[in-house]
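This is what each chain is made of:
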Amino acid sequence: MKKYAIGIDVGGTRIQVGLFDENTQLLSKKQYLTDKEMSAAELMDFLSGRVKALAASAGVPLSDIRGVGAAFPSYIDYEKGITVETSNIICLNDQPVRDMLAERLQMPVYLDNDGNLAALAEHRLGAGRGHDDLIYAELSTGIGGGLILNGRLYRGMHGMAGEIGHMLVSDSTGYPCGCGVTGCAQSISSGLYMARYAMDRIKEGEESRILDYAGTISNIDTVAVGRALSVNDPLALEVVNRGAEYLGRMFHSLNQIFDINVFIYGGGVTNLGHRFIDRMIAAYRHLSLMDQKYPAQFLASTLGDHASLTGAALIVK
Ligand SMILES: [Zn+2]
C-alpha cells in the first residue's frame, strides 16, 4: 500500500529530506548543506539520490511512496512545474524541476514555494489549526510568508502571493533588496539586513558588545545581536527595536488588506526572543485602530524548522 510521502525543503543554506506516514507525521529526516555551485541537473541528481537513500534506510520500498513534495524559495509556475525565479539558488531559475525530479524518481512530484508550504502546514497541523484565515511570516535570513484565505492556500495569479517581505514599509530606511526596491520589510527587518545595520553602526564607531560576541565585523549576525541584547547592549536594543518596528508596519498593512488578525511567525530571527516579538506586536497594536475591538493573535510556529518540509509532504496527493 502506498502510504508514505516524501517532503523536500531546499533552502539557501540547507536542504532537508523527510519521510512521512499517512497522517503526515515525520518518521525520519536527513539534513544537508546546500551546494550553490551545483548545476540544476546536479542538484536534481543529489535530491533524488537522497530521497532513495532515506527510503532505503527506513526500509520503505519506493513502490510504497505516493510521491514527493518539494519546497523551494522560488516563484513557481504550477502548470508547468517550473521554478521561475529563485533569489538565492540561481541555478534553479526557469528550470523544469518537477519533471526533472519525476524522471529521476519515477514517481509523482509536486512543487510549491517554501513560505506557502509552511503556511499550509501550520494551518493543517500547527499553530494555525482551527483558523480559516491566517498569515504566516517566516522571519529568517530573508522574510517570506504564505496566506491561508477561507481555509485554503492562496497562491495569487502567478503563484507569487504571500511574498510579504517585499511589502514597502518605508521610503527612507533600508538597504537595496533583491526585489528591486529599498524600503521593503526584508530590506530592514530580515536577519541579513538587521545584521548589516549593526555592522554599519559599528563601522561608524559605535561601541557594542555585539562585536565581542561576533568576533569580527563580518561575522555579525542576529545570534550575536541576541546575545548582546541579553546583556542590555544599547546598540543591540536599537537594532532589534528598529527591525521589530517595521515588521509591525508590515502586519498592519496585511491586516488592512485582508482583515486577518491571526499571524503565525517562525524562522531563526524569532530566536531574538520575547523583547523582539513583544516590540513587533506593540508596533502593530500602536498602528491598528481595530485592535482594541478585535485583538490580533500573534502565534509562534509550532512546526518550527519542519514547517516547509511538512507542507511539502502535505501537497502529495
Ligand atoms: Zn524586497
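Worth saying up front: this structure is predicted, and the values here are computed from it rather than measured.

## Here's the deal with the domain arrangement of the protein chain
And then number 1: Annotation of the protein chain at the domain level lists domain 1 (4-119 + 306-314) and domain 2 (130-301).
And then number 2: In this structure, domain 1 and domain 2 have C-alpha centres spaced 27 Å apart.
And then number 3: Taken together, the contact pairs nine residues of domain 1 with 13 residues of domain 2.
And then number 4: Between domain 1 and domain 2, the buried area comes to about 950 Å², and carbon and sulfur atoms account for 58% of it.
And then number 5: Seen at the junction of domain 1 and domain 2, the total is one salt bridge.
And then number 6: Across the pair Asp112 and Arg155 runs a salt bridge, and its minimum N-O distance is 2.5 Å.
And then number 7: Secondary-structure elements contributing two or more residues to the side of domain 1 that touches domain 2 are strand S5 (74-77), strand S7 (109-113) and helix H3 (114-125).
And then number 8: For the side of domain 1 that touches domain 2, the element with the most residues is H3, which contributes four residues.
And then number 9: A per-class count over the side of domain 1 that touches domain 2 returns five nonpolar, three polar and one charged.

## Section: the packing of H3 against helix H10 (residues 307-314)
And then number 1: In the contact formed by H3 and H10, the axes pass within 7 Å of each other and the chain directions differ by 80°. With respect to H10, the axis of H3 lies roughly perpendicular. Residues Asp114, Leu117, Ala118, Leu120, Ala121, Glu122, Arg124 and Leu125 of H3 form the contact with H10, whose own contacting residues are Ala307, Ser308, Thr310, Gly311, Ala312 and Leu314.
And then number 2: Across the contact of H3 with H10, the residue classes tally to eight nonpolar, three polar and three charged.

## Digging into the packing of aromatic side chains
And then number 1: For the coordinates displayed, the defined rule picks out seven aromatic pairs.
And then number 2: Here Phe263 and Phe298 contribute two aromatic rings whose centre-to-centre distance is 5.0 Å and whose plane-to-plane angle is 35°, an arrangement assigned as tilted. Residue Phe263 is found in strand S11 (residues 262-266), and its partner Phe298 is found in strand S12 (residues 297-300); the two are separated by 35 residues along the sequence.
And then number 3: By relative accessible area, which is 0% here, Phe263 ends up buried.
And then number 4: Seen in terms of ring centroids, Tyr284 and Phe298 are 5.3 Å apart; in terms of plane orientation they differ by 75°. Their pairing is edge-to-face. Remark: Phe298 occurs in strand S12 and Tyr284 occurs in helix H9 (residues 274-287); sequence separation between them is 14 residues. The two residues Tyr284 and Phe298 agree in class, both being buried.
And then number 5: Connected via pairs of aromatic rings, a cluster forms that spans Phe251, Phe263, Tyr284 and Phe298.
And then number 6: We note Arg155 situated over the ring of Tyr78; from NZ or CZ to the ring centre the distance is 4.7 Å.
And then number 7: When the ring centre of Tyr175 is taken as reference, the NZ or CZ atom of Arg196 above it lies at 5.6 Å.

## Here we look at the environment of Met280
And then number 1: For Met280, the location among the structural elements is in helix H9.
And then number 2: With relative accessibility at 0%, the residue Met280 sits in the buried group.
And then number 3: Sequence separation between Met280 and Ser308 is 28 residues, and the spatial gap between their C-alpha atoms is 23 Å.
And then number 4: Not counting chain neighbours up to four residues away, the residues in contact with Met280 comprise Leu139, Ala244, Leu247, Gly248, Phe251, Tyr265 and Phe298.

## Quick notes on the coordination of the zinc ion
Ideal donor angles around a metal are set by the shape: a four-donor tetrahedron calls for 109.5 degrees, a six-donor octahedron for 90 or 180 degrees.
And then number 1: Protein coordination at the zinc ion comes from His166 (ND1), Cys177 (SG), Cys179 (SG) and Cys184 (SG), with a distance range of 2.1 to 2.4 Å.
And then number 2: Around the zinc ion sit four donor atoms; with metal-centred angles ranging over 101 to 121°, the donor geometry is tetrahedral.
And then number 3: Classification of Cys179 by relative accessible area gives partly exposed; the value is 35%.

## A closer look at the pairing of strand S9 (residues 143-149)
And then number 1: Most of S9 sits out of view: seven of its seven residues are buried.
And then number 2: Here S9 shows a buried face lined by Ile143, Gly145, Leu147 and Leu149 and a second buried face lined by Gly144, Gly146 and Ile148.
And then number 3: Looking at chain direction, strand S8 (residues 134-139) and S9 are connected through six bridges and run antiparallel. Its bridge partner being in S9, Ala137 is matched across the sheet by Gly145.
And then number 4: The antiparallel pairing of S8 with S9 creates a hairpin that spans three residues between the two strands.
And then number 5: One ladder, built from three bridges, connects S9 with strand S10 (residues 152-154); its direction is antiparallel. Among the inter-strand pairings, Leu147 is bridged to a residue of S10, identified as Tyr154.

## A closer look at the nonpolar core
And then number 1: One finds Leu139, Ile210, Met250, Phe251, Phe276, Met280 and Phe298 to be the most contacted residues of the largest nonpolar core, which totals 49 residues.
And then number 2: Ranked by residue count, the leading element in this core is helix H8 (residues 234-258), at ten residues.
And then number 3: Residues in contact with Phe251, not counting those within four places in the same chain, are Ala137, Phe263, Met280, Tyr284 and Phe298.
And then number 4: Leu43, Met44, Phe72 and Met100 belong to the second largest nonpolar core, which has 31 residues in total.

Parameters at a glance
Residues numbered from 1 in each chain as written. Predicted model: local features only at pLDDT ≥ 70, side-chain atom pairs only at ≥ 80, totals over all residues. Heavy atoms only, no water. Domains from an automatic or database assignment. Contact = heavy atoms within 4.5 Å. Buried area = accessible area lost by both parts, 1.4 Å probe. Salt bridge = Lys/Arg side-chain N within 4 Å of Asp/Glu carboxyl O. Helix = DSSP H or I, 4+ residues; strand = E, 2+ residues; numbered from the N terminus. Nonpolar A, V, L, I, M, F, W, Y, C, P; charged D, E, K, R; others polar. Axes fitted to C-alpha atoms, helices over the stretch in contact; angles between N-to-C directions. Parallel < 35°, antiparallel > 145°, perpendicular 65-115°, else oblique. Phe/Tyr/Trp six-rings, centres within 6.5 Å; stacked < 30°, edge-to-face > 60°. Buried < 20%, exposed > 50% of the residue type's maximum accessible area, 1.4 Å probe, protein only. Lys NZ or Arg CZ within 6 Å of the ring centre and 35° of its normal. Donors = N, O, S within 2.8 Å, 3.2 Å for Na, K, Ca; no water. Tetrahedral: all angles 85-135°; square planar, octahedral: opposite > 155°, others 65-115°. Pairing = 2+ DSSP bridges. Core = buried A, V, L, I, M, F, W, Y, C linked by side-chain atoms within 4.5 Å.

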